[in-house]
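Secondary and tertiary structure notes
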Amino acid sequence: MSRVSGFVFGLLLRAFPAEFRARYGAGMRETFAARWEEHRALGLLRLAGFMTRTAADMLVSGLRERVRPTVTAPGAGAGWTDRLGQDLRFAGRTLRKSPGFATVTILTLGLGIGGATALFSVVEAVLLRPLPFDEPERLVRLWEGVEGGRSSFSTLNFRDVRDRSRSFEAVASYGVASTPVSVGGQVSRVSVGFVSEAFFDVFRVEPVLGRRITSEEFATGAPVAVVAESFWRSRLGADPNLGATPIRSGGQVYTVVGVAPDGTAFPRGAGVWTPRDPQVGESRTGHNWQVVGRLAPGVTLEAARTELSAIAAELEQQYGDDTDMVAVVAAPLLEQMVGSVRPMLLILLGAAGFLLVVACANVTNLLLARGAARRTEVAVRQAVGAGRGRLAGQFLIEALVLSLAGGALGLVLATLGVDALLALEPGQLPRADEVGVNLPVLAFALGVSFFTAAVLGLLTSSRTADDEVHAVLAESGRSRAGGARTRRVRSLLTSLQVAMTLVLLVGAGLLAQSFLRLSAVDPGYRTSGALVIDAYVPSSRSFDPDAVGEDARGVARVRDVLVERLRGLPGVSEVGITNAFPLSGRGSNGGFLVLERPDEVTDIEGFIRLAQEDPARLGNAEYRIASTGYFRAMDIPLVRGRLFDARDEPGAPHAAVVSESLAESRWPGEDAIGKIIQYGNMDGDIRPYTVVGVVGDTRDDGLDAEPNPTFYGNALQRPASLRGTFSLVLVGADVERLGPAVQAAVRDVAPDVPVQVRTLEDIFSSSLAQRRFSLVLLGAFALVAVLLAVTGIYGVISYLVAQRSREWAIRLAFGAGRVDIVRQVLVGGLALVVAGVVVGSAVALAATRVLEGLLYGVAATDASTFIAVALLLTAVSLLASYVPAARATRVDPALAMRE
Amino acid sequence: MSEGREREPAAPLSATDYHVLMVLAERDLYGYAIMKAVEADSGGAVSPGIGSLYRILARLSSAGWVEEAPAPSEAPTEHRGHPRQYYRLTPAGRQALRDESRRLESVLRLARERKLLAGGSP
């Protein structure tokens with residue numbers, strides 16, 4: 001048995017009354033030691049399970065023994081209910097008599113319990129709660145396993161996997177897009193799900209009104225839609241006659257046939273579901289579809305995976321190089337949705353737990369100080385016949401009252417805190433809409449409160465009741481001293497607080513360093529002083545054809561007119577256009593061919609043939625379409641060659657610009673300028689590109705992601721990729737104030753083009769939001785912990801100083817220097833802090849490893865952070881000790897001696 | 001209840017009480033050995049926690065069914081310098097165990113008659 005486990009069991013034993021312990025304590029310890037060894041041999045997990053069960057059993061049995069003793073001291077009388085009532089009344093009375101103490105205690109516990117409860121409510125809703133569907137554990141996400149990772153499904157592979165697999169009750173594919181939807185002339189962006197047949201079977205969603213989409217409608221891609229209940233209420237006025245109001249989207253008029261209940265929206269936030277076009281993307285390599293399935297009854301995920309891998313092998317054999325799919329990847333839907341935020345949330349919950357420990361240590365210290373002050377009262381009650389068990393019970397009840405009050409306050413703080421948390425959250429937290437204070441959260445708060453009460457009660461009652469009656473009464477309240485053991489416990493608790501605080505501070509420090517380092521990274525483009533307009537121009541019919549012409553030509557007109565209008569706005573010096581703005585996640589990438597002659601490839605078949613014959617010609621890059629103005633507006637520097645200019649008119653050979661990393665990685669030691677590139681696979685245009693310039697690298701996926709090799713085609717020559725959503729960027733004097741003017745211009749040119757206008761600064765800043773979120777939260781926990789630790793140290797040192805005031809007085813009277821006394825007090829304080837710092841550093845060294853995934857450019861064991869935090873904590877602690885130390889020197893000898 | 005003490009184990013006995021009496025009917029044992037014997041007898045179905053076990057021992061002791069016993073001569077009498085406490089069944093305890101066993105037997109007989117056991121129809 002380790003010393004720690006022995007110590008813990010000793011604490012647990014305290015749950016039992018002294019009489020019981022005296023008789024059975026030794027046997028119980030021996031039994032525990034033997035059981036511990038037995039479980040230790042079975043591994044850490046089993047050992048942890050054993051400790052948890054033992055702790056619960058000891059606490060419950062101990063409490064039962066106190067309530068209904070099997071072993072009693074002679075003369076025990078009154079029934080337990082009477083005693084409990086008395087104890088409760090007494091606890092209430094004593095706490096009312098010292099409102100300051102009660103307030104501080106409840107506030108401290110409230111902060112600790114509130115923090116833990118708030119984080120728990122997030123963890124519960126996001127990680128623990130099952131998805132809001134029938135038998136959600138059977139829902140599975142599927143991907144094509146491709147070389148080097150996983151990818152969305154192609155239409156044909158999806159169909160084959162669906163038809164050949166027997167492991168699923170239903171499998172469906174879907175796509176989702178934030179799309180302008182018009183109802184009665186009012187346009188707004190709605191998340192629209194384009195779904196295949198069986199989609200609603202997978203989720204077992206039945207409409208609350210109307211009907212599902214039929215198989216026939218799915219087969220023909222009929223213009224019908226199921227809408228979410230919230231959409232039906234807000235946009236369709238909750239009209240029970242569903243067919244009455246059609247909705248328009250992407251040039252299509254849809255008839256609403258059903259209303260899906262709220263809370264079952266999948267993909268998250270979807271408001272409208274329509275059949276996906278059955279003809280779209282009859283391909284094996286166009287990775288366009290997300291796939292979900294529901295496992296058949298009795299089929300495990302493992303069994304399904306086995307079957308899927310066999311199917312994938314079959315398909316690969318059958319189609320060879322025509323398919324990219326080498327495997328089928330399957331994962332539980334919940335895991336896929338929340339897996340990425342799990343580490344961050346668990347780390348924050350852990351941090352909240354540390355804060356709770358600090359709060360508990362602080363309150364225990366307060367209770368001990370008060371216990372010491374109440375020794376006379378305790379001794380008197382003991383002298384008139386109160387049993388030790390009774391007194392200990394009294395302290396337990398008091399702790400319980402305080403903890404429950406703290407828990408209630410904590411719950412209030414948690415409710416407020418969760419709102420604040422979600423407001424702070426950058427909108428990247430899955431299932432955030434499900435977060436709230438509910439029954440499991442209440443149970444958690446209550447459980448934490450009870451646990452806190454048990455810890456506080458056991459620590460304080462055992463200390464206070466241990467004193468000898470005579471000794472205390474003989475002192476007759478002359479001093480407020482506690483026993484040497486109490487002093488030791490208090491010092492220990494203070495060091496514990498310092499240790500836990502240090503861990504939190506180191507964590508916050510590491511995150512802060514990461515944040516600073518990341519902020520210093522050059523993204524390769526301007527990060528402020530620009531206005532970014534995301535516009536969506538549907539590629540077909542939704543436009544009034546008379547006004548702007550037809551299809552792509554119409555789209556181009558709208559875009560050109562818009563650009564002209566924006567250029568004319570006051571102060572605007574440059575307008576750029578691109579198909580995928582940095583940090584938008586909209587960009588696509590793909591393989592290109594390096595040609596020897598411009599006419600080497602004349603059609604897509606030729607492209608594919610050449611790629612297969614001579615793979616050395618292949619290259620891969622992020623594919624962008626941009627205008628010259630884009631590079632100027634975004635401050636992306638020209639490294640060599642030129643940008644697009646007047647030479648590159650639509651009829652001229654198509655010009656391209658590549659990023660430095662693409663030039664270096666694809667043509668090492670050569671000049672990229674003049675190279676001929678075939679990239680017709682991206683937009684269907686088979687005319688080759690000639691590289692005319694090299695520009696700087698950009699970090700399009702965020703500051704913490706390396707720049708991707710990027711290819712830029714000329715927007716004037718290849719506008720096809722600008723269909724749908726594109727971005728405009730505006731720079732110039734005071735351009736960030738032009739939001740309303742931009743909106744007005746858009747309304748003027750294309751009233752039903754929805755646009756989103758944001759400042760570049762906002763976009764850039766929200767790319768760091770998740771990091772900021774973790775940092776702010778961990779920082780807040782650390783700050784509260786520091787405050788609690790400092791007050792804790794202050795309290796303990798004050799107490800020690802008060803205890804020795806007579807000694808100081810005598811020494812002062814005999815001519816001791818004030819500096820000596822201050823130094824002595826500070827050394828006492830320093831000892832506590834140093835012990836805490838040493839232990840805390842060791843714990844932090846182990847604990848901060850879990851942070852590794854959230855760090856950037858700094859190691860989890862970064863020495864400078866550890867040293868800085870240790871020094872800071874020591875300095876603050878010394879300051880907290882100095883105040884009582886200075887007070888010690890002002891003791892009036894005469895007064896102190898007389899006390 | 002006006003009296004806060006548990007004087008006697010309630011009849012019928014709890015499964016754990018019964019098993020503890022049962023293993024002590026075999027031979028005198030100390031705490032950990034009782035726990036292991038109960039687990040073995042019940043095939044792991046009954047596995048009391050440490051606090052629970054000692055409360056049961058205390059309760060059975062105060063009922064006069066179990067008493068503290070000297071260590072058997074062949075067994076180690078000490079554990080890390082502490083005398084190891086053995087427990088044994090008293091005659092009253094043996095009687096209680098017998099009574100409870102009879103009661104269980106009659107219950108079992110009833111279950112057989114009603115064809116609840118050995119493949120009988122429900």
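Here the structure is a predicted model, which is why all the values come from computation and not from measurement.

What follows is about the overall build of chain B. Scanning chain B for helices and strands turns up 4 helices and 5 strands. The burial tally for chain B puts 29% of its 122 residues in the buried class. Relative to all contacts within chain B whose residues are 6 or more apart in sequence, the contacts with residues 24 or more apart total 55%.

Right, let's get into the overall build of chain A. Regarding its fold elements, chain A presents 30 helices and 22 strands. When burial is assessed residue by residue, chain A has 43% of its 899 residues classed as buried. Sequence-distant contacts in chain A: of pairs separated by 6 or more residues, those separated by 24 or more amount to 84%.

To continue, consider the nonpolar core. All names here are of chain A. Membership of the largest hydrophobic core comes to 198 residues, with the highest contact counts inside it found for A225, L355, V358, L502, L504, L778 and A785. For this core, the element with the highest residue contribution is helix 12 (residues 342-373), accounting for 17 residues. Setting aside anything within four residues of it in sequence, one finds L504 in contact with A351, F354, L355, L778, F781, A782 and A785. Residues I636, V657, L728 and V729 belong to the second largest nonpolar core, which totals 66 residues.

A few words now on unusual backbone geometry. Residue and element names in this part refer to chain A. Positive phi outside glycine occurs at E135, with the angle close to 40 degrees. For E135, the location among the structural elements is in the loop between helix 5 (99-128) and strand 1 (139-146). You can call E135 partly exposed: it has 13 C-beta atoms within 10 Å. We note that R204 has phi near 55 degrees; this positive angle belongs to a residue other than glycine. Residue position: R204 is located in the loop between helix 7 (199-203) and strand 5 (209-210). Looking at R204, the number of C-beta atoms within 10 Å reads 16, which means it is partly exposed.

All names here are of chain A. Running from N to C, helix 17 (residues 484-519) and helix 28 (residues 818-847) point in directions that differ by 40 degrees, and their axes come no closer than 7 Å. Considered as vectors, helix 17 and helix 28 are oriented oblique to each other. Pair helix 17 / helix 28 crosses with right-handed handedness. For the pair helix 17 and helix 28, contact is made by S491, T494, S495, L496, Q497, V498, A499, M500, L502, V503 and V506 and by L832, V833, A835, G836, V837, V839, G840, S841, V843, A844 and A847, respectively. For the contact of helix 17 with helix 28, the class distribution of residues is 15 nonpolar, 7 polar and no charged.

Residue and element names in this part refer to chain B. With antiparallel pairing, 3 strands are arranged side by side in an open sheet as 1-5-2. Of all the strands in the sheet, just strand 1 (29-30) and strand 2 (66-69) have a single pairing partner and so form its edges. One ladder, built from 2 bridges, connects strand 1 with strand 5 (residues 86-89); its direction is antiparallel. Within strand 5, the position partnered with L29 by the bridge is Y87.

So, on to the confidence of the model for chain A. Residue and element names in this part refer to chain A. A residue-level look at chain A finds 90% of positions with pLDDT of 70 or above and a mean pLDDT of 82. Segment residues 73-78 is flagged for pLDDT under 50; beyond a separation of four residues in sequence, or across chains, it makes 4 contacts in the model. In this model, residues 539-552 is a region of pLDDT below 50 whose contacts with residues beyond four sequence positions or in other chains number 24 contacts.

Turning next to the environment of G175 of chain A. Examined against the element boundaries, G175 of chain A turns out to sit in strand 3 (residues 168-183). Sequence separation between G175 of chain A and W289 of chain A is 114 residues; the distance between their C-alpha atoms is 5.6 Å.

The next subject is the packing of helix 28 of chain A against helix 29 (residues 863-888) of chain A. Packed helix pairs are specified by the crossing angle of their axes together with the interaxial distance, meaning the distance between the axes. Residue and element names in this part refer to chain A. At a minimum axis distance of 8 Å, the contact between helix 28 and helix 29 shows a crossing angle of 155 degrees. Of the possible angle classes, the one that applies to helix 28 and helix 29 is roughly antiparallel. When the axes of helix 28 and helix 29 are compared, the crossing they make is right-handed. For the pair formed by helix 28 and helix 29, the contact residues are I821, V822, V825, L826, G829, L830, V833, V837, S841 and A844 on the first element and F866, A870, L873, T874, S877, L878, S881, Y882, P884, A885, A886 and A888 on the second. For the contact of helix 28 with helix 29, a count of residues per class yields 17 nonpolar, 5 polar and no charged.

What follows covers the environment of F726 of chain A. Position of F726 of chain A relative to the elements: it lies in strand 21 (residues 724-732). Overall, the presence of 24 C-beta atoms within 10 Å leaves F726 of chain A in the buried class.

Residue and element names in this part refer to chain A. Within helix 24 (residues 739-749), burial applies to V742, A745, V746 and V749. One face of helix 24 carries all of its buried residues, which in axial projection span an arc of 100 degrees. In helix 24, the exposed residues that point more than 90 degrees away from the buried face are P740, R747 and D748.

Calculation criteria
- Residues numbered from 1 in each chain as written.
- Chains lettered and ligands numbered in written order.
- Predicted model: local features only at pLDDT ≥ 70, side-chain atom pairs only at ≥ 80, totals over all residues.
- Helix = DSSP H or I, 4+ residues; strand = E, 2+ residues; numbered from the N terminus.
- Buried ≥ 20, exposed ≤ 12 C-beta atoms within 10 Å, placed from the backbone.
- Contact = placed C-beta atoms within 7 Å.
- Core = buried A, V, L, I, M, F, W, Y, C linked by C-beta atoms within 7 Å.
- Axes fitted to C-alpha atoms, helices over the stretch in contact; angles between N-to-C directions.
- Parallel < 35°, antiparallel > 145°, perpendicular 65-115°, else oblique.
- Left-handed = near helix turned anticlockwise from the far one by under 90°.
- Nonpolar A, V, L, I, M, F, W, Y, C, P; charged D, E, K, R; others polar.
- Pairing = 2+ DSSP bridges.
- pLDDT = per-residue confidence, 0-100.
- Arc of directions from axis to C-beta.

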